Amino acid sequence: MIRRISMAVFALLIVAPLTAQAPTGWNMRVDKSTNAADPDDVPEVTFPEVSDGFRVDTGPAVTMWNPDNTATGTYTLKGTFTLHEPSGHPNYYGLVYGGGGLDGPRQNYLYFLVAQNGTFLVKHRAGDETTHDVQPRTEHAAVVSPAENGHSTNVLEVRVGADQTEFVVNGTVVHTASQSGMAARTDGIWGVRVNHVIPGVQVTDLGVTN
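Residues numbered from 1 in each chain as written. Predicted model: local features only at pLDDT ≥ 70, side-chain atom pairs only at ≥ 80, totals over all residues. Heavy atoms only, no water.

1. Describing the sheet that holds strand E6 (residues 92-100)
Okay, so step 1: Taken in spatial order, the seven strands make up an open sheet running E2-E4-E13-E6-E7-E8-E9, and their pairing is antiparallel. Each edge of the open sheet is held by one strand with a lone partner, namely strand E2 (27-31) and strand E9 (130-139). Between one strand axis and the next, the sheet turns through 20 degrees on average, direction left out of account.
Okay, so step 2: Where E6 meets strand E7 (residues 108-115), seven bridges bridge the pair, whose relative direction is antiparallel. Looking at the pairing, valine 96 lines up with tyrosine 111 of E7. (Pairing = 2+ DSSP bridges. Helix = DSSP H or I, 4+ residues; strand = E, 2+ residues; numbered from the N terminus. Axes fitted to C-alpha atoms, helices over the stretch in contact; angles between N-to-C directions.)

Encoded structure:
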């Protein structure tokens with residue numbers, strides 16, 4: 001049975017086409033750049049109004065989740081990510097899963113992201129400062145880069161099995177990890193992450209299938 005986020009959940013708290021508030025029911029955690037050579041280009045994350053799903057424009061990087069959205073056991077988390085405009089250099093966006101403590105200093109989650117340069121990565125975050133590579137930045141032909149109009153669409157899936165997890169882009173398995181070490185914790189909250197200085201990523205068809 002598939003559980004999808006309804007359009008009511010995606011309805012934005014807006015009285016104008018642009019807002020700094022997350023979609024209704026969603027929490028967000030903003031990570032400001034600490035690199036003086038790569039600063040955030042605008043001061044906050046905003047959510048321009050769209051007709052389907054939600055759009056995130058950064059600013060600072062952001063992790064977003066609804067605390068009611070959890071998955072355990074074997075499941076597939078899937079979402080469609082449309083980049084409306086690339087940033088000045090490659091930055092990543094995609095799925096978060098296996099999350100816990102996301103609003104505190106002991107945040108813990110896995111994330112599977114793609115970038116405009118045709119690469120993907122899988123990482124584990126442990127606390128505010130530490131990340132571990134499950135699969136470092138890797139180029140793959142399945143990752144769609146922006147066309148001349150600046151747009152690209154990538155369908156991402158995390159297929160959690162009994163003893164391994166498959167990471168899928170546009171129907172192609174780009175990496176498989178055993179459920180051990182940093183990739184072991186797959187039960188928990190799911191959501192999305194959009195790294196900094198990305199002018200716009202629209203998220204649609206986001207949900208979990210058991």
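2. Digging into the pairing of strand E8 (residues 119-126)
Okay, so step 1: Summarising burial for E8: seven of the eight residues are buried, a large majority.
Okay, so step 2: Sheet analysis places E7 next to E8, joined by seven bridges and oriented antiparallel. The residue bridging valine 114 from the neighbouring strand is phenylalanine 120, located in E8.
Okay, so step 3: As consecutive antiparallel partners, E7 and E8 are separated by three residues, and within that stretch glycine 118 has a phi angle of approximately 80 degrees, a positive value.
Okay, so step 4: Pairing of E8 with E9, which is carried by seven bridges, proceeds in the antiparallel orientation. Across the sheet, residue histidine 124 finds its bridge partner in E9, namely histidine 132.
Okay, so step 5: Taking the residues between adjacent antiparallel strands as the criterion, E8 and E9 are bridged by three residues, where glycine 127 takes a positive phi near 85 degrees. (Buried < 20%, exposed > 50% of the residue type's maximum accessible area, 1.4 Å probe, protein only.)

3. Here we look at the environment of asparagine 27
Okay, so step 1: Tracing the sequence through the fold places asparagine 27 in strand E2.
Okay, so step 2: Taking the C-alpha atoms as reference points, asparagine 27 and proline 67, separated by 40 residues in sequence, lie 7.7 Å from one another.
Okay, so step 3: Not counting residues within four places of it along the chain, the set of residues in contact with asparagine 27 comprises Thr63, Met64, Trp65 and Pro67. (Contact = heavy atoms within 4.5 Å.)

4. Thoughts on the side chain of asparagine 195
Okay, so step 1: Relative to the assigned elements, asparagine 195 resides in the loop between strand E13 (188-194) and strand E14 (200-209).
Okay, so step 2: Taking relative accessible area as the criterion, asparagine 195 reaches 16% and is therefore assigned buried.
Okay, so step 3: Those residues in contact with asparagine 195 that lie beyond four places of it in its chain are Thr58, Ala61, Asn91, Tyr92 and Leu113.

5. Brief notes about the packing of aromatic side chains
Okay, so step 1: All told, the structure shown has six aromatic pairs when counted by the stated rule.
Okay, so step 2: In textbook terms, an aromatic cluster arises when at least three aromatic residues are bridged by ring pairs, as seen for Tyr97, Phe112, Phe120 and Phe167.
Okay, so step 3: The positively charged end of arginine 193 is found above the aromatic ring belonging to tyrosine 111, 5.9 Å away from the centroid. (Phe/Tyr/Trp six-rings, centres within 6.5 Å; stacked < 30°, edge-to-face > 60°. Lys NZ or Arg CZ within 6 Å of the ring centre and 35° of its normal.)

6. Details of unusual backbone geometry
Leave glycine aside and you will find that most residues have negative phi; peptide bonds, for their part, are mostly trans.
Okay, so step 1: Following threonine 58, the chain continues into glycine 59 via a peptide bond in cis, with omega recorded as 25 degrees.
Okay, so step 2: A positive phi is found at asparagine 170, a non-glycine position, where the angle reads about 50 degrees.
Okay, so step 3: By the secondary structure assignment, asparagine 170 is in the loop between strand E11 (164-169) and strand E12 (172-178).
Okay, so step 4: Positioned with a positive phi, valine 197 is a non-glycine residue whose angle comes to about 50 degrees.
Okay, so step 5: Relative to the helices and strands, valine 197 resides in the loop between E13 and E14.
Okay, so step 6: Judged by relative accessible area, valine 197 falls into the buried class, the value being 9%.

Nothing here speaks to function; it is all geometry.
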